[in-house]
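Coordinate analysis (summary)
Single-letter residue listing:
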2 protein chains.
Amino acid sequence: MSILQFRFAARLSRVPESFLDELFRVSADPAIISFAGGLPCTALIDTEGIARATNAVLEDDAGAALQYTTTDGYLPLREYIAQRYRARLGIAATADEIQIVNGSQQCLDLFAKIFLNPGDTVAMERPGYLGAIEAFSFYEPRISAVRLNDDGLDLTGFAHIISGEHPRFFYGIPNSQNPSGRTYSQDNRKAVAEILAPSDTIFYEDDAFGELFFDAKPRPPIKKYCPDQTVISGSFSKIIAPGMRIGWILAPRDIIQQFNIAKQAADLHSNFFCQKILHRYLTSCDIDARLRTITSVYQRKCRLMCELLDDLLPDLTHTHPEGGMFLMAELPPGLSSRRIFEEGIREHVAVLPGQPFYVDGGGNDTIRMNFSSPTEEQISEGLHRLTRVVRDLQ
Amino acid sequence: MSILQFRFAARLSRVPESFLDELFRVSADPAIISFAGGLPCTALIDTEGIARATNAVLEDDAGAALQYTTTDGYLPLREYIAQRYRARLGIAATADEIQIVNGSQQCLDLFAKIFLNPGDTVAMERPGYLGAIEAFSFYEPRISAVRLNDDGLDLTGFAHIISGEHPRFFYGIPNSQNPSGRTYSQDNRKAVAEILAPSDTIFYEDDAFGELFFDAKPRPPIKKYCPDQTVISGSFSKIIAPGMRIGWILAPRDIIQQFNIAKQAADLHSNFFCQKILHRYLTSCDIDARLRTITSVYQRKCRLMCELLDDLLPDLTHTHPEGGMFLMAELPPGLSSRRIFEEGIREHVAVLPGQPFYVDGGGNDTIRMNFSSPTEEQISEGLHRLTRVVRDLQ
């Protein structure tokens, strides 16, 4: 009950209204089956392996793990990440091109902070990741969007924006995109790199889901075709444990240097204890076997969701993910995703309206559906509930 | 070896050159006795108690602790913090006025983000905390400074800046200030609140050291005299473990609401695992007994440092801290702190030049000295080395 009128910065008026708080409230109600969130499956978090790694760190040198450290992050962890890039994707990567952050969300904030002046253009996919839109908005850019097709970016639109609008960077998720679940084809990646090469636009490749392909096979990153002009962000949130908030960025050294200054001013460094735990965990478990377990479960859940959608709601179309945690569905004509959300809550099923993912409007006939978090029983029961909601509104 | 010229944002040119990386390199050399850092004493981190709390969290519900959570932070931890404010300082505080962040450094970034437009005025102490100067600089404000005297802010200067420059907020550290080690007197706090009251400037009270008074007695915060116009930030870094990066802000709800939006866009939420560990630790140990142990050690170290300075370098003057981790010394005429730093490294002793703490220039005749991290033996040996350095330069 303050009498004072606080004078907030003008940039706040640029930030879109977030839907996430409403979502969290919804997800907290155990009666509701939620397809609206973005959580990895809790049952697949290797709590025993993480507990062993934690105890090893505590027995080893707890004092050091609980003390301050350098901004760049734990060197053995950065070396592990670099080595995995070299082995798995065949791209050159060294520890000094990697900066540890608080989940890949922090990359979005710090990258925008070092690259965007108010009024600058940044481009992204349409639909595009909401967390990125929110993070970028604080730096007051113009946000342009390129249509995302089933096989990747719309190349005409992409070329048009790169040459015509000269964006500081293009933000995209080539692997199992959020929210659509789409994956760029290899041809599309090559074409994107070719369009990019003559420009000075950076490609910001968010690779939160690249380890979650159902066939467990890596896809070549854009960085492979355009190494000096691409940065990649990654995260342990989707593959090990989100609660630790540990992610990273891989970028050319000139960028890492500025990024590091921004990171230091933002919070000095990321949780050192959990960086050590993660490194111990990664070097003592068979991470590829863990990933095969996770992706086989996600594949089953995704297939079940797709089959039930086709059976129960044949007039609704949807994407066919090769991995990740989401699919996107297009509603039959005349239905509003907001109404589906509101009526869904009454029927105890939650979906995420697609509209906030469209920076330039539209998308009201789309919903994002998460298949990683609910059980197969919940997917089945939830889709029956959703079907009742849709039928009642038709 | 990039061919591309990266187009960084203009705001980067506003960020002062950081000294911290050089410091970390220096501190990493075990031959060097460092008074230049800002680490709490590693030997006083209760690794056994933290290990017990960690295991309890892992046994309890590891899956939940390792999963995503809400942006505001773990409710029982926020309730603990609010309750401690009420009990210890007698100020009204509730969990919904508290937001968890990654150490109090993140408060600096997010608070500046929601309050500062480019060109706005923010005011702080002279000398002022370097981490704050760096964090604020990214938002391109004008930074004004008010002289900090032995008993607190220079009231004439403070009144002049509040009425004349209309700053969005004033940032200060009333308890054992960094870098000076000074503490505002109770009269000074009351006078500051009186000057503040008719304005709409917020007082941002950084209370990183308020639990570290050698007499273990709390000092009344500015917030007590000016509750609706003050925010307080706090941190577990100095009293429990910096490596966890957990701090908080206590602020009026209107501010918390905007702060929460900025936090969500910046990194979704702080490390949940460590929030749970901290809560478990705080509610299962005698935190006041721990603090008495810490402050009695710091008091001994501080007294030793002051006595040795008086004995060995009587022509150098210094502050007389009542708590915290730092003191500040003024060099005899003609000596430069940069030269002392450079020559000190040769003699294997590091001090922090004061100049970067003075936003409007000056301070080259001052050094900050940390007494929490070195042992008593190191303090003694290090001051003998420093004495040789000073004598050689005179």
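These figures come from a predicted structure and were not determined experimentally.

A count of helices and strands for chain A gives 13 helices and 14 strands. Against the globule reference of 21 Å for 394 residues, chain A gives a C-alpha radius of gyration of 21 Å, in line with a compact fold. If one aligns the C-alpha atoms of chain A with their principal axes, the spans along those axes are about 60 × 60 × 50 Å. Considering only intrachain contacts with a sequence separation of at least 6, the fraction spanning at least 24 residues in chain A is 74%.

Residues and elements named next belong to chain A. For chain A, the assigned domains are domain 1 (10-46 + 289-393) and domain 2 (61-284). Each of domain 1 and domain 2 has a C-alpha centre, and the two are 24 Å apart. Looking at the side of domain 1 that touches domain 2, the elements with two or more residues in it are α11 (287-312) and β11 (326-330). Ranked by residues supplied to the side of domain 1 that touches domain 2, first place goes to α11 with 6 residues. Grouping the constituent residues of the side of domain 1 that touches domain 2 by class yields 16 nonpolar, 8 polar and 6 charged.

The next subject is the relation of the copies chain B and chain A. Under the fitted operation, chain B is carried onto chain A by 0.0 Å of movement along the axis and a turn of 180 degrees, and the coordinates agree to an RMSD of 0.0 Å. In short, the pair behaves as if placed about a two-fold rotation axis. Within chain B, Asn271(B) has its C-alpha nearest the rotation axis, a separation of 3.7 Å.

This brings us to the sheet that holds strand β4 (residues 142-149) of chain A. As a general point, the strands of a sheet are linked pairwise by backbone hydrogen bonds and lie either parallel or antiparallel. All names here are of chain A. Ordered by their spatial adjacency, 8 strands build an open sheet running β2-β9-β8-β7-β6-β3-β4-β5, and the pairing between neighbours is mixed. Lying at the two open borders of the sheet, with one neighbouring strand each, are β2 (98-101) and β5 (152-153). By the bridge criterion, 4 bridges tie strand β7 (residues 202-206) to strand β8 (residues 230-235) in an arrangement that is parallel. The residue of β8 that forms the bridge with Asp206 is Ser233.

So, on to the interface of chain B and chain A. On the chain A side, the residues contacting the 68 residues of chain B number 68 residues. Secondary structure elements with two or more residues in the side of chain B that touches chain A: α1 (20-28), α2 (47-65), α4 (103-115), α5 (130-137), α9 (253-267) and α10 (272-282) of chain B. Tallying contributions element by element places α9(B) first for the side of chain B that touches chain A, with 9 residues.

Once that is clear, we can look at the pairing of strand β9 (residues 247-250) of chain B. All names here are of chain B. Neither face of β9 is left uncovered, since the one carrying Gly247 and Ile249 and the one carrying Trp248 and Leu250 both have all their residues buried. As paired elements, strand β2 (residues 98-101) and β9 share 4 bridges and run antiparallel to each other. The residue bridging Ile98 from the neighbouring strand is Leu250, located in β9. Pairing geometry for strand β8 (residues 230-235) and β9, over 4 bridges, is antiparallel. In the sheet register, Ser233 faces β9, and the bridge partner there is Ile249.

Time to look at the environment of Gly73(B). Residue and element names in this part refer to chain B. Secondary-structure assignment places Gly73 in the loop between α2 and α3 (75-89). Along the backbone, Gly73 and Val101 are 28 residues apart, and their C-alpha atoms lie at a distance of 8.0 Å. Residues in contact with Gly73, not counting those within four places in the same chain, are Arg78, Gln99, Ile100, His269, Ser270 and Gln275.

With that settled, the discussion passes to the nonpolar core. Residues Leu278(A), Val351(A), Leu278(B) and Val351(B) are the most contacted members of the largest nonpolar core, which totals 234 residues. Beyond its immediate stretch of four places on either side in the chain, Val351(B) contacts Phe35(B), Ala36(B), Ile340(B), Phe341(B), Gly344(B), Ile367(B), Met369(B) and Leu386(B).

The rules behind these values
- Residues numbered from 1 in each chain as written.
- Chains lettered and ligands numbered in written order.
- Predicted model: local features only at pLDDT ≥ 70, side-chain atom pairs only at ≥ 80, totals over all residues.
- Helix = DSSP H or I, 4+ residues; strand = E, 2+ residues; numbered from the N terminus.
- Rg over C-alpha atoms; globule rule 2.2 N^0.38 Å.
- Contact = placed C-beta atoms within 7 Å.
- Domains from an automatic or database assignment.
- Nonpolar A, V, L, I, M, F, W, Y, C, P; charged D, E, K, R; others polar.
- Least-squares fit on C-alpha atoms with pLDDT ≥ 70 in both.
- Pairing = 2+ DSSP bridges.
- Buried ≥ 20, exposed ≤ 12 C-beta atoms within 10 Å, placed from the backbone.
- Core = buried A, V, L, I, M, F, W, Y, C linked by C-beta atoms within 7 Å.

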